[in-house]
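A look at the structure
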Amino acid sequence: MNKVELLAPAGDFEKLKIALLYGADAVYFGGQDYSLRANAKNFSLEEIKAATEFAHQLQKKVYVTVNIVFHNQDLEGLENYLKKLDEIKIDAIIASDIVVLSIAKKIHASFELHLSTQSSVLNEGAAEFYKNLGVTRIVLAREASKKDIERIKTATGLELECFVHGAMCTSISGRCVLSNYCTNRDANRGGCAQICRWEFDTEGQEQPFSMTSKDLNMITHIKEMIDIGVNSFKVEGRMRGIYYIATVILTYRRLLDKIFENKLTEGEKNYARDVLNRCANRESTPQFFENLPTEKEQYFLGRDEVSNQDFLGLVKSYDTEKKMVTVEERNIFHIGDTVEFFGPNLETFSMTLSTIYDEENTPITTANHPGMLVKIPVDANLQEFDMMRIKMFDKKNYV
Amino acid sequence: MTLATDYQSVKEKMNPNKFLVIVTDKEQIKTLKEARITNFLFPLKDYCVGFFHSFSIDEIPENGYLYINRMLDTDSYQNLERLFISLPSTIKGIVFEDLGLITLLEKLKLPQERILYQTHFATNYESINENLKFVDSIVISTDITENEIQEILKNCNKPLVYMLYGLVPVMYSRRTLLKNFSTAFSLPYKNPLTLKEKITNNAFCAVENEYGTVLYNEKYYKGTYHIDDTKIKFYLINPLFLSKEEQIKIIQSLIQKEETRNEKEDQGFLYRPTIYKIKEVPRE
């Protein structure tokens, strides 16, 4: 099997760090202009430089999204921006508008050209068209089936990147301007207001019309995707928090590693599925991979979307002598709670909290202020950026 | 003096020979020919979404244009290749959304005119000029302002197609959203279905077939006449859901360059630029 890439979203520098530390091989993010998540924090050029240096030190890659659909007035400054990105030595841009590909070629940029999913490539002819423009990798449309992926790979030999996890558009990417009509925010320039998740009245029907899609989750098909030639496994979610990023990336990392070691068991796959389902706030399914989605892949009434409060704290430091971890609180926890610690270099373990101290080493019963620092005695070699969450599942039940 | 003012002073009638009308019903052709319409765009059976009537190759008359607006999966792409191997030379042109068609048309060396109609993407002149290296013309997006259209026309390398009148596609999903809705609630299947967004009261008309669902803006887009006619190859008209009588009335009014609009019509974003970033929303 060829080595594959796990690609993570990075809405800001902290998320980028978490994604890379938790096992992503590469990250993608937007600059402050020309990116489709106009309201994510996004990266200044200085931050892109720092992010690139950080990633490269870890032998990992950064891809910068330049994927809006440009209007005339947006063209100004684009060439300079691409030159700057080239100077910074980013690894690739992710673009959809042909003008970006053309300028990158004109300036002889050394970064690779990856075609955004906004271009919705679903067939070998479209892939070939972009290959001739210098594109080396295609982020396929989320509507691509297993057969489509396989055929495009065989016909073009291009690197293929597929979304494996996260939110879905109801529309074919780029083919929706509902947001423009309902809110005047330009969906194809980063202003999507997710109107497809809103409710609609229909004449003569009591039930509101909904077109909301459930999320994507390809955990059960990863091996097949590797076998048919997918090179990069992409997680959606530049607006998601660090806990989501850490959980999803670590889960896919371990799954991919097990596949390559030929050690993946059904039990581990099921455990991974349950962990991912729990950490998301929506249900998820494989969507278009095997069949056309039906009503079962959508939400109608009684949408089961919950705010996840499993994330209890972020490890800031660990005192090996005192065997004491300092945790930054994210959600309330108490003495007596059973919690889990997980991290990139840690075998997930659980324990019941018997003692909690505040910063002044005063015993407390509850950590109830987001951001407060607390100390907990733990006999394990924890590291900065490990995380503490509520105990979710007993892994031994999955063996 | 602004470009808009320049064009406003042009009082000549429009030439109906420059209209390209989407055929939504075979019966409409005869009536439209009487109104001196000569260019017709036929949604191709199995390769279009958002229409109730589509046409097989055999049904398309001489000098007709083929319309393919689906994003094609690999099966459809390969089927289309087989269909195109014997494409009659009487077909004058092909209007399409999927860029894979460029590869296919090149491969088969088909002589037909190529018009790219990526519904929401032709929004700047540099991209349009890049794409014009591969096609004969491009349909300008209806998501932009009159000034942006004028600037595009001023800078484009070939004459373009401008949608002058009709229903504008707002969203295209591969999912069968109407069927899924009726199945989920065991409701009678309705197609088309008008959807009214509850907060903003915007209404959309959903049309579905087995290849997906298209949401049209409920109002008919009535475009601008204040553009450089010499840079226009065709004025596109999508008369979906209009009766033959209504179509004739509208075409006559377009020929006369009538500026009035009724309550079923709007001007899209011609004078309402969209916002790029939320921070650009004016605070009250």
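A quick note: this is a predicted structure, and the numbers were derived from the prediction, not measured.

Notes on the overall build of chain B
- A tally of helices and strands in chain B yields eight helices and 14 strands.
- Rg of the C-alpha trace for chain B: 19 Å, near the compact-globule value of 19 Å for 284 residues, within the 12% margin.
- Across its three principal directions, the C-alpha atoms of chain B cover 55 × 50 × 40 Å.
- Counting contacts in chain B only where the partners sit at least 6 residues apart, residues at least 24 apart contribute 61% of the total.

Section: the overall build of chain A
- The secondary structure content of chain A amounts to ten helices and 21 strands.
- Taking 21 Å as the expected radius of gyration for a compact globule of 399 residues, we find that chain A reaches 22 Å, a close match to that expectation.
- Its C-alpha atoms give chain A principal-axis dimensions of about 65 × 60 × 45 Å.
- For chain A, buried positions account for 50% of its 399 residues.
- Pairs at least 24 apart in sequence give 65% of the contacts found in chain A among residues at least 6 apart.

Comments concerning the packing of helix 5 (residues 124-131) of chain A against helix 6 (residues 146-156) of chain A
Residue and element names in this part refer to chain A.
- Look at helix 5 against helix 6: their axes get within 9 Å of each other, and the N-to-C directions meet at 40°. Considering their axes alone, helix 5 and helix 6 lie oblique with respect to each other. Handedness of the helix 5/helix 6 crossing: right-handed. For the pair helix 5 and helix 6, contact is made by Glu124, Ala127, Glu128 and Lys131 and by Arg151, Ile152, Ala155 and Thr156, respectively.
- Residues that form the contact of helix 5 with helix 6 fall into these classes: three nonpolar, one polar and four charged.

Here we look at the sheet that holds strand 5 (residues 113-116) of chain B
All names here are of chain B.
- The ten strands lie next to each other as 6-5-4-3-2-1-13-7-12-14, forming an open sheet whose pairing is mixed. Edge positions in the open sheet fall to strand 6 (137-138) and strand 14 (265-266), since each of these has one partner strand only.
- Here strand 12 (residues 220-222) pairs with strand 14 via two bridges, running parallel. The residue of strand 14 that forms the bridge with Tyr220 is Glu265.

Digging into the interface of chain B and chain A
- Taken residue by residue, the interface counts 57 residues in chain B and 60 residues in chain A.
- Elements with a contribution of two residues or more to the side of chain B that touches chain A: helix 3 (74-85), helix 4 (100-108), helix 5 (125-131), helix 6 (146-155), strand 8 (169-173), helix 7 (177-185) and strand 9 (193-197) of chain B.
- Per element, the largest residue contribution to the side of chain B that touches chain A is six residues, and it comes from helix 7 of chain B.
- Its residues placed into classes, the side of chain B that touches chain A shows 26 nonpolar, 17 polar and 14 charged.
- Looking at chain direction, strand 8 (residues 200-202) of chain A and strand 9 of chain B are connected through three bridges and run antiparallel. Its bridge partner being in strand 9 of chain B, Asp201(A) is matched across the sheet by Lys196(B).

Comments concerning the domain arrangement of chain A
All names here are of chain A.
- Segmentation of chain A into domains returns domain 1 (5-297) and domain 2 (311-398).
- Taking the mean C-alpha position of each, domain 1 and domain 2 sit 32 Å from one another.
- Facing 14 residues of domain 1, the contacting portion of domain 2 comprises nine residues.
- Those elements that place two or more of their residues in the side of domain 1 that touches domain 2 are helix 1 (13-21), helix 9 (242-260) and helix 10 (266-279).
- Top element by residues in the side of domain 1 that touches domain 2 is helix 10. It accounts for seven residues.
- A per-class count over the side of domain 1 that touches domain 2 returns eight nonpolar, three polar and three charged.

A word on helix 4 (residues 98-106) of chain A
- Those residues of helix 4 of chain A that fall on the buried side of the exposure criterion are Ile98(A), Val99(A), Val100(A), Leu101(A), Ile103(A) and Ala104(A).
- The inward-facing, buried residues of helix 4 of chain A abut strand 3 (61-66), helix 3 (78-88), strand 4 (92-95) and strand 5 (112-115) of chain A together with helix 5 of chain B.

Observations regarding the sheet that holds strand 8 of chain B
- Across the sheet, which stays open at both edges, the five strands sit in the order 8(A)-9(B)-10(B)-11(B)-8(B) with antiparallel pairing between neighbours. If you trace the sheet from one side to the other, it starts and ends with strand 8 of chain A together with strand 8 of chain B, each paired once. The sheet shows a mean angle of 30° between the axes of neighbouring strands, direction not considered.

Remarks on unusual backbone geometry
- Note that the residue after Asn191(B), namely Pro192(B), is joined by a cis bond; omega there is 10°.
- Within the element layout of this structure, Pro192(B) appears in the loop between helix 7 and strand 9.
- Even without a glycine there, the phi angle at Tyr34(A) is positive, about 65°.
- You can see Tyr34(A) is positioned in the loop between strand 2 (26-30) and helix 2 (45-57).
- The phi angle at Gln59(A) is positive, at roughly 60°, despite the residue not being glycine.
- Locating Gln59(A) in the fold gives a position in the loop between helix 2 and strand 3.

Overview of helix 1 of chain A
Residues and elements named next belong to chain A.
- Looking at helix 1, one finds that the buried residues are Lys15, Leu16, Ile18, Ala19, Leu20 and Leu21.
- Each element contacted by the buried residues of helix 1 is listed here: strand 1 (5-9), strand 2, helix 2 and helix 9.
- Phi for Gly23, located one or two positions after helix 1, is positive at around 120°.

Focus: the pairing of strand 12 (residues 311-319) of chain A
Residue and element names in this part refer to chain A.
- Both strand 12 and strand 21 (residues 387-390) contribute to a ladder of three bridges, which runs antiparallel. Bridging across to strand 21, Gly313 finds its partner in Met388.
- Looking at chain direction, strand 12 and strand 13 (residues 324-329) are connected through six bridges and run antiparallel. Residue pairing in the sheet places Leu314 in a bridge with Glu328 of strand 13.
- Remark: four residues form the turn of the hairpin made by strand 12 and strand 13, two consecutive strands paired antiparallel; Lys323 in that turn has positive phi of roughly 50°.

Quick word on the nonpolar core
Residue and element names in this part refer to chain A.
- In this structure, Ala19, Val27, Ile93 and Ile249 are the most contacted members of the largest nonpolar core, which totals 209 residues.
- Top element by residues in this core is helix 9. It accounts for eleven residues.
- There are two domains that each give this core at least three residues, and those are domain 1 (5-297) and domain 2 (311-398).

Examining the pairing of strand 2 of chain A
Residues and elements named next belong to chain A.
- Most of strand 2 is tucked away: five of the five residues are buried.
- Where burial is concerned, the two faces of strand 2 agree: the one with Ala26, Tyr28 and Gly30 and the one with Val27 and Phe29 are both buried.
- As paired elements, strand 1 and strand 2 share three bridges and run parallel to each other. Looking across to strand 2, one finds that Leu7 is bridged to Ala26.
- The β-α-β motif built from strand 1, the intervening helix 1 and the parallel element strand 2 has right-handed crossover chirality.
- The sheet contact formed by strand 2 and strand 3 spans five bridges and is parallel. Looking at strand 3, one finds that Val27 is bridged to Val62.

Reading the values: rules and limits
Numbers given for residues are sequential positions, taken from 1 along each chain in its written order. Think of it this way: whatever chain is written first is A, whatever ligand is written first is 1, and the rest follow in order. Reporting in this predicted model follows two pLDDT cut-offs: at least 70 for local features of residues, and 80 or more for side-chain atom pairs to be given and counted; totals over whole chains, interfaces and linings ignore these cut-offs and use all residues. Helix and strand definitions follow DSSP, with helices as H or I runs of at least four residues and strands as E runs of at least two, each counted in order from the N terminus. Each radius of gyration is computed over the set of C-alpha atoms, and the globule rule expresses the reference value as 2.2 Å times the number of residues to the power 0.38. Note on contacts: residues are paired as contacts if their backbone-placed C-beta atoms lie within 7 Å. To sort residues by burial, count the other C-beta atoms lying within 10 Å of each one's C-beta; a count of 20 or more means buried, 12 or fewer means exposed, and anything in between means partly exposed. C-beta atoms are built from the backbone. In this analysis, axes come from line fits to C-alpha atoms, helices being fitted only over the stretch in contact, and the angle between any two N-to-C directions falls in the range 0 to 180 degrees. For classification, angles of less than 35 degrees are called roughly parallel, those exceeding 145 degrees roughly antiparallel, those between 65 and 115 degrees roughly perpendicular, and all remaining angles oblique. In a left-handed crossing the near helix is turned counterclockwise from the far helix by less than a right angle, and in a right-handed crossing that turn is clockwise. The nonpolar class holds Ala, Val, Leu, Ile, Met, Phe, Trp, Tyr, Cys and Pro. Asp, Glu, Lys and Arg form the charged class, and all remaining residues, Gly among them, are polar. Pairing between strands is defined by DSSP: at least two bridges between them are needed. Domain segmentation is taken from an automatic or database assignment of domains. The nonpolar core is taken to be a set of buried Ala, Val, Leu, Ile, Met, Phe, Trp, Tyr and Cys residues joined by way of C-beta atoms within 7 Å. Think of it like this: strands point away, you trace from the first strand over the helix to the second, and a clockwise trace means the crossover is right-handed.

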